[in-house]
Each structure stands twice: as C-alpha cells, then as structure tokens.
Amino acid sequence: MQKLDLMYTGKAKKVYSTDDETLCIFEYKDDATAFNGEKKGSFEGKGIINNKMANIIFRLLEKEGIRTHFVEQLSDRETLVKKVNIIPLEVIIRNVAAGSFSKRYGVKEGTALESSTIEFSYKNDDLGDPLINSYHAVALGIATRENIEEIKTLAFKINDALKKIFIEIGIKLIDFKIEVGFDSEGNIILSDEISPDTCRLWDAETNKKLDKDRFRFDLGEFGDVYHEVFNRLVEKYGE
Ligand code: UDP
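Description of the structure in this document. (Residues numbered from 1 in each chain as written. Predicted model: local features only at pLDDT ≥ 70, side-chain atom pairs only at ≥ 80, totals over all residues. Heavy atoms only, no water.)

With that settled, consider the overall build of the chain. Scanning the chain for helices and strands turns up 6 helices and 14 strands. Computed over C-alpha atoms, the radius of gyration of the chain comes to 17 Å, within 12% of the 18 Å expected from 2.2 N^0.38 for 239 residues, which places it in the range of a compact globule. Per-residue burial for the chain yields a buried fraction of 51% across its 239 residues. Counting contacts in the chain only where the partners sit at least 6 residues apart, residues at least 24 apart contribute 56% of the total. Carbon and sulfur atoms form 48% of the exposed surface of the chain, whose accessible area is close to 11,500 Å². For the chain, the centre of its 35 positive side-chain charges and the centre of its 43 negative side-chain charges are spaced 4 Å apart. (Helix = DSSP H or I, 4+ residues; strand = E, 2+ residues; numbered from the N terminus. Rg over C-alpha atoms; globule rule 2.2 N^0.38 Å. Buried < 20%, exposed > 50% of the residue type's maximum accessible area, 1.4 Å probe, protein only. Contact = heavy atoms within 4.5 Å. Areas by Shrake-Rupley, 256 points an atom, 1.4 Å probe, with all protein chains shown as cover. Lys, Arg positive; Asp, Glu negative; His and termini not counted. Charge placed at Lys NZ, Arg CZ, Asp CG, Glu CD.)

So this is what it looks like as structure tokens:
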C-alpha cells in the first residue's frame, strides 16, 4: 500500500490518499484542541496511544457486527482505513449528564439519564458545530430520513457495545461522539476515531475523569489518564 498525497489536516490527525482509491491512511498527531480549536495542547505520544486505542475499540466493535472503517494498523501512528464520504454530523450519545448537556438543561454533571439520548451537531467549524435536529438535517440535504434512522440505530448499538467494553475495564461511559459516512459500496459505516478525545470516561469506582476534560479544564494528569485507559484496554483485550 503506497501512501500518496496529504488530503486533509485535522486537529488531531492527518489523512493521506493511497494508490487504492477506496482506502486512505490516518496519521495521528500528538495535538489536542478544545473549544472549537481555541485551546491547544499536546503530550508526547498521544497520537500513538490514540491510534492504538481506536484500533483496539474498532476491532472489538467489528466482532459485535458493527461495520467500521478499520482495515489495518500500519505503524504506531498510522492506520489504513476505508475511505468514507463523511456525513457532516457529529453524532453524540449520552448515558450520564455532563458537558454541554448539563449546561444547557441545568442538570448536575453525573446525573444518570432515565434513558440514553442522541443528538446531532452540524459539522461546520465556521458556525461552531451548532446543534441540529434531524428535521433540519433532512431539510438541508445533509442526510435523508432513512439515513438518520439508520445512524440512530447504529449509534445506540455502538453505545451498547462500548458500555460493555469499558465497564469490563472499570470505566463508565458517560457520553461520546462518533462520525459516520458512506463507504465505497454505499454502506453507512463508523469512521473517525473513538478515544478519550471523543468519549467521557469516568473510573467506575472513584468517578475520576479519564478523558479530554482533564485538558479542557486544566485538571492535570492529561497524559497519565490516557495511558491509564490504554493500559487497561491492552491488559484486557490485547493490542
Ligand atoms: N465531542 C467530541 N468532539 C466535539 C464535541 C464533542 O468528541 O467536537 C465529545 C465530547 O468529548 C464528549 C461528547 O462528545 O464525550 C459530548 O460532548 P458535549 O456536547 O458535552 O460537548 P463539550 O461539553 O465537550 O463541548
């Protein structure tokens, strides 16, 4: 597989084309950003462990029958993935109130929700990724009604699988964001990454935050908690 041109530079990774037009290569960087790119940081090796964590999780999800973009880890920082025509929606599932949900509805962080919820943000940096409802997404031609229903079913299935994966290693899945899109055969599949950058993960016993909130709110131990989640994943599931 030949790595060709840089197609896109994201906040935490670069995407390269390959000599197979259905595949591309993700290269994870050490950078972290928050608050729509306003806050910047990093720690040495973040890209390596996020690459490996995302791949462990994608392999486990595949075993549960969830279609993902994962093809093969190429190196510490690089992974071969299916090229996906991304639907410009951030799909957010929540099991426990936190972050913008707590703020928006005045619900104390850590309050268990009566049932898991889903919401969408319109992926658009200039607009600051505004919340969007499914009717607006259909009205704007971002997705069809059928696509939305399929995405909802997929997202809740991923939630069930992820909750199990994490509770097995003593971690509660508070909420997470996924991105989905169409592969070359027109299937809607899971893309982007799943890592402590994209999930809120709390230690099941102590409720210690083991995710990007440590960077967002300067809580310290940013790199340490990523290593902690990585080590627990590797110990239980292997690399
Ligand atoms: N999230 C993400 N990327 C974003 C926005 C949110 O990965 O651009 C994740 C975030 O890490 C959390 C979940 O989605 O696990 C819900 O985030 P929330 O809406 O509470 O936003 P925040 O409080 O992070 O602004």
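To continue, consider the pattern of salt bridges. Using the criterion set out here, one finds 27 salt bridges in the structure. Across the pair lysine 52 and glutamate 239 runs a salt bridge whose closest N-O atoms are separated by 3.5 Å. Highlighted residues: lysine 52 in helix α1 (residues 46–63) and glutamate 239 in the segment after α6 (222–237), separated in sequence by 187 residues. As a salt-bridge pair, lysine 177 and glutamate 179 come within 2.8 Å of each other at their nearest N and O atoms. Each member of the pair, lysine 177 as well as glutamate 179, carries the same accessibility label: buried. (Salt bridge = Lys/Arg side-chain N within 4 Å of Asp/Glu carboxyl O.)

Here the focus is the nonpolar core. In this structure, Leu61, Ile158, Leu162, Phe166, Ile178 and Ile194 are the most contacted members of the largest nonpolar core, which totals 55 residues. Sorting elements by how many residues they give to this core places helix α4 (residues 145–167) first, with 9 residues. Setting aside its immediate chain neighbours within four residues, leucine 61 contacts Ile66, Thr68, Ile158, Ala161, Leu162, Ile165, Leu190 and Ile194. (Core = buried A, V, L, I, M, F, W, Y, C linked by side-chain atoms within 4.5 Å.)

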